[in-house]
Amino acid sequence: MRESSPRKSSARVSSRRQINLKIWLTRHLQVALSSLGRVVRAPFSSLMTICVIGIALALPAGLHLMLDNVQVLSGSWDGAASISIYMEERVSDEQTAELAKRLQLESGISGASVVTRQQALREFRELSGFSEVLSTLEENPLPAVIVVKPDDALSDPQQAQALADKLTAMEGVDFAQLDLQWVTRFHAITEIADRFVWVVASLLGLAVILIIVNTIRLEIQNRHAEIEISKLIGATDSFIRRPFLYSGAWYGLFGGLISWLLVTLSLRLLDAPVARLAGLYQSDFILSGMDFSTFSLLIGCGSLLGLAGSWIAVGRHLHSIEPS
Amino acid sequence: MISFDNVSKRYPGGHDGISNITLEIDPGEMVFLTGHSGAGKSTMLRLIALLERSTGGQLRVGGRNLTRLKRSQIPFHRREVGMIFQDHRLLSDRTVFDNVAMPLIVAGLGHNEVSRRVRAALDKVGLLKRERAYPITLSGGEQQRVGIARAVVSRPPVVLADEPTGNLDSELSQEIMTLFESFNQVGVTLLIATHDLGLVRRLGRRTLLLSNGKLIQDNRAVYADA
């Protein structure tokens, strides 16, 4: 008997706690739904707010997606980056072939092919149109070349440059040159564009917060009487704050959905011209749409911005309403 | 239950709402507060409900020292003080039921408990059949009874009423007073500000008379029926 009674009472406490938790969750659900109801019941003004938020979010989201696509493209160009190793003249063809074989086994290199001095001269003759001038030369002026393909893992241009530097330092190598220097430049440009997207996103995120602050401020004004009476009968600040926070989050969430819709529609419009352009370059590149994680990020950001905006509005205006 | 110890309220600008009031109201008392308009009746009620803070003295309600109460504690104090206003202060966009349910929802009661208590309170004031109605469709007396139901639904130990019969004829006023007496019988402490002196005299309860913010008379009533 003695042992069972504290156990019983602790069981009672925990079951009471469970009931309280249940009531608390039910209340939150009710408040969330009634806030949703309030948003839906004023469709015109809500839709205006939501669309403005949607457009503000669509711009950075669209830019981000474009940048992603460009980076996919540049990724495929990175693969084309190669390093040409110009051999010293004194090195024989056999030694060059030997070196190429050794390089193939090195880490960071996926392939190495040799262009002998003879082959180089032949190619140059065919392609340059200087064949007659060249035939007057007594000696072949062209060096042997090993074309090295870096590993896919070596997509970073800085690493590729380091590899080129290492190759230059090798015995018998005159110098090694990283082709497609523009890949480096292109990376620099996309980095700037990336920054730019972040700046735009921050500015427009700020705009979204301001829109929500204003919307919630109006809502607080409209519900002045309700807030006053709630305070009169003992509502805590958090109780009064809650419906407005939910409203803000709903606005943000719907704004996120609208922005997803806008971005998806815009991509659809761009699909055909992009395919045509890609066709001109013999590429089967297609614009990739928003994946699920970006979509959730967009919706999440929308809701968070909404929450932040309503928090600011509520913080500024709720204290000014006191029952009289 | 309510104790004023040299309590003053001076408004910014130097006007005194009440000055140096000392009095004690016991648990279960029903007390009237009278005096000309501007005498400080409302100020006293507002100080008890912490709608305003006193500027001097000590004010205690139910053992709680209001002078030292933190802002975050005010809601919990107000839950123990029911307030009734002359203009009812009902929300016009909510039904009678929802208006009365507000204090319980604010206090975080469960759905079943809320409906049970709201119906009991509405039954008490005789408006159970109008629970789905909106306040605007009710008469003045009915609206006041909704306001009373809201004030008592959470069973606060103290109920304050500011001119509850101000807009009502004498018959309706009498009904409201009968209602108050029935709350008082179950132990609720009531403080009612009114200038309907006829009504006050008829009921024969303790009456406080205020003039220019000062307590000038405290008639410990001889209970007519005791």
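Only a predicted model underlies this, so the values are computations on that prediction, with no experimental measurement involved.

**Q** Which parts of the structure should I look at to understand the overall build of chain A?
**A** On a plain count of helices and strands, chain A comes out with 10 helices and 4 strands. Sequence-ordered secondary structure for chain A, helices as α and strands as β, is α-α-β-α-β-α-α-β-α-β-α-α-α-α. Overall, chain A is about 105 × 65 × 30 Å in size when its C-alpha atoms are taken along their principal axes. Counting across all 324 residues of chain A, residues that qualify as buried make up 37%. Restricting the contact set of chain A to residue pairs at least 6 apart, pairs at least 24 apart contribute 81%. Of the accessible surface of chain A, which amounts to about 19,700 Å², a share of 63% is contributed by carbon and sulfur atoms. Averaging the coordinates of the 28 positive side-chain charges in chain A and doing the same for the 31 negative ones gives two points 26 Å apart.

**Q** Is there a simple way to think about the nonpolar core in this case?
**A** Soluble globular proteins tend to pack their nonpolar side chains together in the buried interior. Val100(B), Val118(B) and Phe180(B) are the most contacted members of the largest nonpolar core, which has 38 residues in total. Contributions of two or more residues to this core are made by strand 3 (30-35), helix 3 (96-106), helix 4 (111-124), helix 5 (140-152), strand 7 (158-162), helix 6 (170-185), strand 8 (189-193) and helix 7 (197-203) of chain B. Residues within four places of Val100(B) in sequence aside, it is in contact with Val118(B), Ala121(B), Leu122(B), Val146(B), Ala149(B), Arg150(B) and Val153(B). The next biggest cluster of nonpolar side chains, apart from the first, holds 37 residues, and it includes Leu57(A), Ala58(A), Ala61(A) and Val263(A).

**Q** Got a minute to help me understand the pairing of strand 6 (residues 81-84) of chain B in this structure?
**A** As a general feature of sheets, a regular strand has side chains that alternate between the two faces. Residue and element names in this part refer to chain B. Along strand 6, one buried face is formed by Val81 and Met83 and the opposite face, lined by Gly82 and Ile84, is buried too. Relative to strand 7, strand 6 runs parallel, the two sharing 4 bridges. Within the sheet, the bridge partner assigned to Val81 lies in strand 7 and is Val158.

**Q** What is the right way to look at helix 5 of chain B in this model?
**A** Every α-helical turn comprises 3.6 residues, leaving residues that sit three or four positions apart pointing alike. Relative to the 18 Å expected for 13 residues at 1.5 Å per residue, helix 5 of chain B spans 19 Å between its end C-alpha atoms, a close match to the ideal helical length. The buried fraction of helix 5 of chain B amounts to 12 of the 13 residues, a majority that puts the element mostly inside the structure. Of the positions making up helix 5 of chain B, those classed as buried are Gly141(B), Glu142(B), Gln143(B), Gln144(B), Arg145(B), Val146(B), Gly147(B), Ile148(B), Ala149(B), Arg150(B), Ala151(B) and Val152(B). On its buried face, helix 5 of chain B sits against helix 8 (224-232) of chain A together with strand 6, helix 3, helix 4, strand 7 and helix 6 of chain B.

**Q** Can you help me understand the interface of chain B and chain A in this one?
**A** Accessible area lost when the parts come together is the quantity often used to give the size of an interface. Listed by partner, the interface residues are 21 residues for chain B and 19 residues for chain A. Carbon and sulfur atoms supply 57% of the area that chain B and chain A bury against each other, a total of about 1,800 Å² over both sides. Area buried by chain B at its contact with chain A is led by Arg71(B), Arg78(B) and Arg89(B), which between them contribute 29% of it. Remark: the boundary between chain B and chain A carries 4 salt bridges. The shortest N-O distance in the salt bridge between Arg94(B) and Glu226(A) comes to 2.5 Å.

**Q** Would you explain the packing of aromatic side chains in this entry?
**A** One pair of aromatic rings is described through two measures. These are the centre distance and the angle between the planes. Applying the stated rule across the entire model yields 4 aromatic pairs over all chains. Ring centres of Phe292(A) and Phe295(A) lie 6.2 Å apart, and the angle between their planes is 40 degrees; this geometry places the pair in the tilted category. Taken together, the positions of Phe292(A) and Phe295(A), both in helix 10 (residues 292-317) and 3 residues apart, correspond to about one turn of that helix. Exposure remark for Phe292(A): the relative accessible area of 65% places this residue in the exposed category. These aromatic residues form a ring-pair network of at least three members: Trp260(A), Phe292(A) and Phe295(A). The ring of Phe97(B) carries Arg132(B) above its face, with NZ or CZ at 5.6 Å from the centroid.

**Q** Could you clarify how one ought to interpret the environment of Arg27(A) in this entry?
**A** Mapped onto the fold, Arg27(A) is located in helix 1 (residues 4-41). C-alpha separation for the pair Arg27(A) and Glu89(A), spaced 62 residues apart in sequence, amounts to 84 Å. Apart from the residues lying within four places of it in its own chain, the contact partners of Arg27(A) are Ile105(B), Gly108(B), Leu109(B), Gly110(B) and Val114(B).

**Q** Whenever I open this one, the domain arrangement of chain A confuses me. Can you help?
**A** Here the domain parsing of chain A yields domain 1 (30-74 + 186-317) and domain 2 (82-179). Of note, the centres of domain 1 of chain A and domain 2 of chain A, computed from C-alpha atoms alone, are 53 Å apart.

**Q** Can you walk me through the pattern of salt bridges in this structure?
**A** Where charged atoms from two side chains of opposite charge come close, those side chains can pair. Applying the stated rule across the entire model yields 23 salt bridges over all chains. Across the pair Arg89(B) and Glu228(A) runs a salt bridge, and its minimum N-O distance is 3.7 Å. Placement of the pair is Arg89(B) in the loop between strand 6 and helix 3 and Glu228(A) in helix 8, with the two residues belonging to separate chains. Both residues of the pair, Arg89(B) and Glu228(A), belong to the buried class. Between Arg64(B) and Glu80(B) there is a salt bridge, with its nearest N and O atoms 3.6 Å apart.

**Q** Would you take a moment to explain the sheet that holds strand 2 (residues 16-25) of chain B for this structure?
**A** Where strands meet in a sheet, backbone hydrogen bonds hold them as pairs that are either parallel or antiparallel. Pairing in this open sheet of 4 strands is antiparallel, and the strands run 2-1-4-5 (chain B) from one edge to the other. What marks the edges here is a single partner per strand, and that holds for strand 2 and strand 5 (64-65) of chain B.

**Q** Which parts of the structure should I look at to understand the sheet that holds strand 8 of chain B?
**A** All names here are of chain B. Spatially, 6-7-8-3-9-10 is the arrangement adopted by the 6 strands of the open sheet, whose pairing is mixed. Of all strands in the sheet, those with a lone pairing partner are strand 6 and strand 10 (214-219), marking the two edges. The average undirected angle you get between the axes of adjacent strands in this sheet is 20 degrees. Lying on the sheet, helix 5 is in contact with strand 6 and strand 7; it crosses strand 6 at an angle near 170 degrees.

**Q** Sorry if this is basic, but what is going on with the packing of helix 3 of chain B against helix 5 of chain B here?
**A** To describe two helices that pack against each other, one gives the angle between their axes and the distance between the axes. Residue and element names in this part refer to chain B. Closest axis-to-axis distance for the helix 3/helix 5 pair is 7 Å, and the angle between their directions is 30 degrees. Taken together, the axis directions place helix 3 and helix 5 in an arrangement best described as roughly parallel. Considering how the two elements wind past one another, helix 3 and helix 5 form a crossing that is right-handed. Here Val96, Asn99, Val100 and Pro103 of helix 3 lie close against helix 5, whose contacting residues are Val146, Ala149 and Arg150.

The rules we used
Residues numbered from 1 in each chain as written. Chains lettered and ligands numbered in written order. Predicted model: local features only at pLDDT ≥ 70, side-chain atom pairs only at ≥ 80, totals over all residues. Heavy atoms only, no water. Helix = DSSP H or I, 4+ residues; strand = E, 2+ residues; numbered from the N terminus. Buried < 20%, exposed > 50% of the residue type's maximum accessible area, 1.4 Å probe, protein only. Contact = heavy atoms within 4.5 Å. Areas by Shrake-Rupley, 256 points an atom, 1.4 Å probe, with all protein chains shown as cover. Lys, Arg positive; Asp, Glu negative; His and termini not counted. Charge placed at Lys NZ, Arg CZ, Asp CG, Glu CD. Core = buried A, V, L, I, M, F, W, Y, C linked by side-chain atoms within 4.5 Å. Pairing = 2+ DSSP bridges. Expected span 1.5 Å × (residues − 1). Buried area = accessible area lost by both parts, 1.4 Å probe. Salt bridge = Lys/Arg side-chain N within 4 Å of Asp/Glu carboxyl O. Phe/Tyr/Trp six-rings, centres within 6.5 Å; stacked < 30°, edge-to-face > 60°. Lys NZ or Arg CZ within 6 Å of the ring centre and 35° of its normal. Domains from an automatic or database assignment. Axes fitted to C-alpha atoms, helices over the stretch in contact; angles between N-to-C directions. Parallel < 35°, antiparallel > 145°, perpendicular 65-115°, else oblique. Left-handed = near helix turned anticlockwise from the far one by under 90°.

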